Amino acid sequence: MDTITLNVPTLPCVGLAAAAGLLACKLIAPRRRADETERGPLPAWLDELEDDESYERVRLPEWDNGTEWRRKNGFKGSDYVHDACAAVHVPRYYLRGVSGGVGSKLVGAAHFGPGAESHRGLCHGGTMCSLMDDVVGWTGFCATGVCKPWSGFTVQINTALKKPVDVGSWLRIEGEIVKIDGRKVSVKARLLDVDGDVHCEAEGLVVLKKKS
Ligand SMILES: CCCCCCCCCCCCCC(=O)SCCNC(=O)CCNC(=O)[C@H](O)C(C)(C)COP(=O)(O)OP(=O)(O)OC[C@H]1O[C@@H](n2cnc3c(N)ncnc32)[C@H](O)[C@@H]1OP(=O)(O)O
């Protein structure tokens, strides 16, 4: 009968080698922008928005500060759209707030990862609907011209799917306030590619919270 000998003294060596390997990866791998992932580089036009003084990047601790911060602050999971591992992922939004109200506009990039797949390399329509929900909501939260997170609720998202999205695509997502009636903020949104082809459009409604 064969015997298996466990060479105990080698175990710490294996651990050390693994740790050294990980460290080497961190040191040797080319430095990447903080929010760049295995999805590849962010689209270049996002840099143009970064440089455009009429747009301001929307930053939130619940998007930027990771799991531990979220747990400590009442969140129970990962953000459905803004988490780096989301099937369809928005790494950034930029707000053109003007002076608030109609014309306020949110622009971002959306990546459709392998987890968004439906039929053979094409994305599930629900991923486009989810994006429309997200951009409608966040545009509504910007009704005053500055982003006030969680200041209302998305109550309607009427989405028209116009063109399939390939798995692996980076698309541009836009939301714009078209009407404000009391607490009701109407938003038009669309998802388009670099050629300007529209993949989906939506009309949405956000109801702002009652003032307490
Ligand atoms: C201390 C408390 C803290 C709370 C913390 C929460 C913070 C976190 C926030 C989290 C954010 C999460 C982010 C997310 O996005 S969450 C995304 C998912 N969305 C939801 O879960 C929303 C669920 N809906 C609701 O909770 C209530 O309906 C809300 C609170 C939104 C309104 O109920 P409220 O009692 O306040 O208002 P109201 O009923 O008097 O309606 C007001 C006006 O709106 C009109 N209307 C309403 N619905 C619809 C509709 N579907 N279509 C067309 N119109 C609609 C309505 O006719 C009326 O119009 P008018 O008659 O005035 O002309």
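- Named according to an unreviewed UniProt entry, the protein chain is Acyl-coenzyme A thioesterase THEM4 originating from Pelagomonas calceolata.
- Here is the UniProt Sequence similarities (unreviewed entry) comment for the protein chain, exactly as written: "Belongs to the THEM4/THEM5 thioesterase family."

1. Side note on the side chain of T139
Phase 1: By the secondary structure assignment, T139 is in helix α5 (residues 125-140).
Phase 2: When its relative accessible area of 1% is taken as the criterion, T139 is described as buried.
Phase 3: In terms of polar contacts, T139 uses its side chain to reach the backbone carbonyl oxygen of V135, at 2.6 Å.
Phase 4: The residues touching T139, leaving out its near neighbours within four places in the chain, are S104, L106, G175, E176, I177 and V187.

2. What to know about the nonpolar core
Phase 1: Counting residues in hydrophobic clusters, the biggest one holds 34 residues, and the most contacted among them are Y93, F112, L131, M132, I173 and L191.
Phase 2: Where this core is concerned, the elements lending two or more residues are β2 (88-96), β3 (105-112), α5, β5 (170-181), β6 (184-192) and β7 (198-208).
Phase 3: The dominant element in this core, judged by the number of residues it contributes, is α5, at six residues.
Phase 4: Apart from the residues lying within four places of it in its own chain, the contact partners of L131 are V81, V88, V90, A110, F112, I173 and L191.
Phase 5: By size, the runner-up hydrophobic cluster in this structure holds nine residues, among which are L46, L49, Y55 and V107.

The rules behind each value
- Residues numbered from 1 in each chain as written.
- Predicted model: local features only at pLDDT ≥ 70, side-chain atom pairs only at ≥ 80, totals over all residues.
- Heavy atoms only, no water.
- UniProt positions renumbered as here; feature names shortened; annotations may be inferred.
- Helix = DSSP H or I, 4+ residues; strand = E, 2+ residues; numbered from the N terminus.
- Buried < 20%, exposed > 50% of the residue type's maximum accessible area, 1.4 Å probe, protein only.
- Polar contact = N/O pair within 3.5 Å; in protein donor to acceptor, adjacent residues only side chain to side chain.
- Contact = heavy atoms within 4.5 Å.
- Core = buried A, V, L, I, M, F, W, Y, C linked by side-chain atoms within 4.5 Å.

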